[in-house]
Amino acid sequence: MTRLSNDWRRTHYTKDANESVTGKEVTVMGWIHEIRDLGGIVFVLIRDKKGILQLTAPTKETEPQLLEDIRKLRKESVIGLKGTVQESGKAPNGVEIIPTEIKIFSLANQPLPMDPTDKVKAEIDTRLDSRFLDLRRSSVSSIFKIKSKMLHTFRTFFESNDFLEINTPKLVASATEGGTELFPITYFEKEAFLGQSPQLYKQMMMSAGFDKVYEIAQIFRAEEHDTLRHLNEAISIDMEASFMDDVDVMKILNDLVQKVIINVKQNCKEELKTLEVDLETPEGHFEIVKYDDAVDMINSKDVPMEWGEDLSRAAEKALGDMMNGYYFLTEWPTEIKPFYAMPNEENPINSHAFDLMYKDLEISSGAMRVHQHDLLREKIAEKGLNPDAFGGYLKAFEYGMPPHAGWGLGADRFNMTLTGLENIRETVLFPRDRRRLTP
RNA sequence: GCCCUGGUGGUGUAGGGGCUAUCAUGUGGGCCUGUCGAGCCCGCGACUCGGGUUCAAAUCCCGGCCAGGGCGCCA
């Protein structure tokens, strides 16, 4: 096993060692994908981040020492290869490397805990137990290349629209928001929790005069749900903006979803092809369904739902069947939305809260917020929470809080809609669910 | 947390009271100069755990753990 010495550096990724460098010597670095030893000729496929390249060694024309090294190789071992690029109609990409020297950096033990070449399928649980191997498959790494492009699009958009990136604490003192279960932790001599949402903090930044902020960060929820669309640790993309209402931030969300899709289609062609996804760019404004109308639509499909209830799973499915792609669900009843959602001025039983849905999946939810201190205090009490426990938060509303609005979007769920995946675990490197805490 | 279904070589599976436990892939060895899911020959490797029923349990029963599907919960 050898170290990386000074004269060994990659000159080409596998996909760049093509016809354009025929006859030249190149150095590639990568993993052994497959070995086919035909006796008189040995083929070895080398894989890196960008593709697969064939090494071809006719035994009679290969140095005995080099040949011996090649025959020592095992699947998924890591090597460096120096060789000459040769055009050949018989090679997989039309070119192959005639080796002059190889360095074995790391031999892989056998048998492997799963097959990274897709010949024998493995279940998600097996795959997650050996995630590093699973991720060597292009069908899996493609998901994360798309996710990276998606996150990049959000950041670029926010930065170019004068949003400030913020980092709010994930260690919090109490479960003041109510609703969701939190993970308790020990914080020196006190009890603390992992943050469920940056909601309260990003609102406080409005009082700080930051005007437009965003945060892309982990959120933690201790719910015991065990479904294909819930995790206990997820990435939330949050934004909040002053002097805006729900309609303004819905417009931003609408634009962003379209921008992400356009960008992914443009920059992740190979990845989409690998995943066999044909992404459609939604045009113009997403359809808007008022909560009141949604209740009627759902009941028309014989799924019982009373006004004032949240959507059951059956209701989400029924509505999703009637809708096409992305749509907004608006004017939710005030009583089933959190205390910080602004009630409608004329008809306070309805609110300025909305959800962004993709078929039957909730992607994002947002609202115009309550910025009046006294009203907010009242609403906290109405939810059965103790306003005094919200001291630090409420204080920010007492000394000049602008009207504001914002949303939070589940990045992993959104990624599911881009990649066509049905299990949210697929879209997270190391998912944390009801049972899984490792690796 | 509830309901349903399941757990067999490294991986994916067949079988379903007494079998030498099926097949593929893999893996170790051998043959082969154009492989590309290479081919051929030989070998290796498994019944989730605990208890019970039975002459006999991988198989039936109970419980645990884990998984798949559905639901609930999800500011």
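Residues numbered from 1 in each chain as written. Chains lettered and ligands numbered in written order. Predicted model: local features only at pLDDT ≥ 70, side-chain atom pairs only at ≥ 80, totals over all residues. Heavy atoms only, no water.

**Describing the overall build of chain A**
When you go through chain A residue by residue, the secondary structure sums to 12 helices and 16 strands. Here chain A, with 439 residues, has 50% of them falling under the buried criterion. Expressed as a percentage of contacts within chain A between residues at least 6 apart in sequence, the contacts between residues at least 24 apart total 65%. Summed over its atoms, the accessible surface of chain A is roughly 21,900 Å², and 49% of this surface lies on carbon and sulfur atoms. Of the charged side chains in chain A, 55 are positive and 72 negative, and the gap between their average positions amounts to 9 Å. (Helix = DSSP H or I, 4+ residues; strand = E, 2+ residues; numbered from the N terminus. Buried < 20%, exposed > 50% of the residue type's maximum accessible area, 1.4 Å probe, protein only. Contact = heavy atoms within 4.5 Å. Areas by Shrake-Rupley, 256 points an atom, 1.4 Å probe, with all protein chains shown as cover. Lys, Arg positive; Asp, Glu negative; His and termini not counted. Charge placed at Lys NZ, Arg CZ, Asp CG, Glu CD.)

**A short note on the UniProt feature "binding site: L-aspartate" (unreviewed entry) in chain A**
In this structure's numbering, the residues bearing the UniProt feature "binding site: L-aspartate" (unreviewed entry) are Glu-177, Arg-221, Ser-365 and Arg-369. Position of Arg-369 relative to the elements: it lies in the loop between strand S15 (361-368) and helix H10 (373-382). Ignoring any residue separated from it by four or fewer positions in sequence, one finds Arg-369 in contact with Gln-199, Lys-202, Gln-203, Glu-240, Tyr-340, Met-342, His-404, Ala-405, Gly-406 and Trp-407. Side-chain polar atoms of Arg-369 contact the side chain of Glu-240, separated by 2.8 Å. (UniProt positions renumbered as here; feature names shortened; annotations may be inferred. Polar contact = N/O pair within 3.5 Å; in protein donor to acceptor, adjacent residues only side chain to side chain.)

**Some points on the sheet that holds strand S6 (residues 164-165)**
An order of S6-S10-S11-S16-S15-S14-S13-S12 is seen for the eight strands of this open sheet, with the pairing classed as mixed. If you trace the sheet from one side to the other, it starts and ends with S6 and strand S12 (287-290), each paired once. Of the pairings in the sheet, the one linking strand S14 (residues 353-358) to S15 comprises six bridges and is antiparallel in character. When the sheet's bridge partners are listed, Leu-356 is paired in S15 with Ser-364. Sheet strands touched by helix H8 (residues 291-300): S12 and strand S13 (326-330). Its angle to S12, the strand with the most contacts, is close to 80°. (Pairing = 2+ DSSP bridges. Axes fitted to C-alpha atoms, helices over the stretch in contact; angles between N-to-C directions.)

**Points about the protein's contact with RNA strand B**
Near RNA strand B lie 50 residues; those nearest to it are Arg-36, Gln-196, Arg-221, His-230 and Arg-435. If you look at RNA strand B and keep only atoms within 4 Å of the protein, 56% of those are sugar or phosphate atoms. The side chain of Glu-224 places a nitrogen or oxygen atom 3.0 Å from a phosphate oxygen of RNA strand B. Sorting the residues of the surface near RNA strand B by element identifies strand S1 (25-37), strand S2 (41-48), helix H2 (124-129) and helix H9 (313-322) as the ones contributing at least two each. Residue composition of the surface near RNA strand B, by class: 14 nonpolar, 15 polar and 21 charged. (Near = heavy atom within 4 Å. Nonpolar A, V, L, I, M, F, W, Y, C, P; charged D, E, K, R; others polar.)

**Some remarks on helix H5 (residues 199-207)**
Restricting attention to buried positions, one finds in H5 the residues Gln-199, Leu-200, Lys-202, Gln-203 and Met-206. Buried residues along H5 cover an arc of 165° about the axis, so they all sit on one side. Contacts from the buried residues of H5 go to strand S10 (212-220), strand S11 (233-242), helix H11 (391-395) and strand S16 (404-410). Positive phi appears at Gly-209, one or two residues downstream of H5, with a value of about 85°. (Arc of directions from axis to C-beta.)

**Points about the environment of Glu-426**
Mapped onto the secondary structure, Glu-426 falls in the segment after helix H12 (411-419). Sequence separation between Glu-426 and Asp-412 is 14 residues; the distance between their C-alpha atoms is 9.1 Å. Setting aside anything within four residues of it in sequence, one finds Glu-426 in contact with Ile-124, Arg-127, Arg-131, Ile-143, Phe-144 and Leu-421.

**Let's talk about the UniProt feature "binding site: Mg(2+) 3" (unreviewed entry) in chain A**
Summarizing the sequence annotation, UniProt attributes the feature "binding site: Mg(2+) 3" (unreviewed entry) to Glu-362 in the numbering used throughout. Inspection of the secondary structure assignment puts Glu-362 in strand S15. Apart from the residues lying within four places of it in its own chain, the contact partners of Glu-362 are Asp-355, Leu-356, Met-357 and Arg-413.

**Description of the packing of aromatic side chains**
A full pass over the atoms with the stated rule returns 19 aromatic pairs. A centroid spacing of 5.9 Å and a plane angle of 40° characterise the contact between Phe-286 and Phe-328, whose relative ring orientation is tilted. Within this pair, whereas Phe-286 is found in the loop between helix H7 (269-275) and S12, its partner Phe-328 is found in strand S13, the two being separated by 42 residues in sequence. Phe-328 carries the same exposure label as Phe-286, and that label is buried. Both rings, one in Tyr-393 and one in Phe-397, keep their centres 5.0 Å apart while their planes meet at 70°; by these two values the pair is edge-to-face. Accessibility classification places Tyr-393 together with Phe-397 in one group, the buried group. These aromatic residues form a ring-pair network of at least three members: Phe-154, Phe-157, Phe-158, Phe-163, Tyr-214, Phe-286, Tyr-326, Phe-328, Phe-354, Tyr-358, Trp-407 and Phe-414. (Phe/Tyr/Trp six-rings, centres within 6.5 Å; stacked < 30°, edge-to-face > 60°.)

**Here's the deal with the domain arrangement of chain A**
By the assigned domains, chain A splits into domain 1 (14-106) and domain 2 (133-427). Taking the mean C-alpha position of each, domain 1 and domain 2 sit 48 Å from one another. (Domains from an automatic or database assignment.)

**A short note on the sheet that holds S1**
Two strands in a sheet stick together by hydrogen bonds in their backbones, pointing the same way (parallel) or opposite ways (antiparallel). Reading around the barrel, the five strands line up as S1-S2-S3-S5-S4 and close back on themselves, with mixed pairing between neighbours. On average, each strand axis in the sheet is tilted by 50° relative to the strand beside it, whichever way the strands run. Across seven bridges, S1 lies against strand S4 (residues 78-87) in antiparallel orientation. Within S4, the position partnered with Trp-31 by the bridge is Val-78.

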